[in-house]
Amino acid sequence: MEKPTSHLRHVVLFQFKDTSTPEDIAAVEAAFNELSFKISEIKGLEWGLNNSPENLNKGLTHCFFLTFDSEEDRDSYLTHPDHLAFVDIAGPHIQDVVVVDYWTK
């Protein structure tokens, strides 16, 4: 039996500034989602809003979950001009961000 292929996951959690409007946040959501159409190294992208009843999210409300085939692909994404343009769009609205990368097991 062949072992399933492992994938590199890139998890990004955002807390938005209190000064960011719903329109600002929607623009960031749309811009992040569009990256999957612009950067071929992204093999999967999904995102959603926190709805945990535990209240342990520490103000982080948005989770973006990307899949890559390799660390090289992830690194290309990080320096890709479209990702850097996204950072310019999101940056003024982000209060805090947490990023975790891991290989699936």
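To start, this report covers the structure provided alongside it. From a predicted model like this one, the values you see are computed outputs, not experimental measurements.

Topic: the packing of aromatic side chains
The final tally for this structure, using the stated rule, is eight aromatic pairs. Both rings, one in phenylalanine 14 and one in phenylalanine 32, keep their centres 6.1 Å apart while their planes meet at 55°; by these two values the pair is tilted. Of the two residues, phenylalanine 14 is situated in strand E1 (residues 8-16) and phenylalanine 32 in helix H1 (residues 22-38); the sequence distance between them amounts to 18 residues. We classify phenylalanine 14 as buried; its relative accessible area is 6%.

Overview of helix H3 (residues 81-90)
Considered for burial, the residues of H3 that qualify are His83, Phe86 and Ala90. Down the axis of H3, the buried side of the element spans an arc of 55°, and every buried residue falls inside it. Along H3, exposed side chains directed more than 90 degrees from the buried face belong to Pro81 and Asp88. At its buried positions, H3 is contacted by E1, H1, helix H2 (71-79) and strand E4 (94-103).

Here we look at the sheet that holds strand E2 (residues 44-49)
Taken together, four strands build an open sheet; the order of strands is E2-E3-E1-E4 and the sheet is antiparallel. For this open sheet the edge positions go to E2 and E4, each flanked by a neighbour on one side alone. Put simply, the sheet's adjacent strands are angled 15° from each other on average, direction ignored. Where H2 meets the sheet, its contacts fall on E1, strand E3 (62-68) and E4, and the angle it forms with E1 comes to roughly 30°.

Rules behind the numbers
- Residues numbered from 1 in each chain as written.
- Predicted model: local features only at pLDDT ≥ 70, side-chain atom pairs only at ≥ 80, totals over all residues.
- Heavy atoms only, no water.
- Phe/Tyr/Trp six-rings, centres within 6.5 Å; stacked < 30°, edge-to-face > 60°.
- Helix = DSSP H or I, 4+ residues; strand = E, 2+ residues; numbered from the N terminus.
- Buried < 20%, exposed > 50% of the residue type's maximum accessible area, 1.4 Å probe, protein only.
- Arc of directions from axis to C-beta.
- Contact = heavy atoms within 4.5 Å.
- Pairing = 2+ DSSP bridges.
- Axes fitted to C-alpha atoms, helices over the stretch in contact; angles between N-to-C directions.

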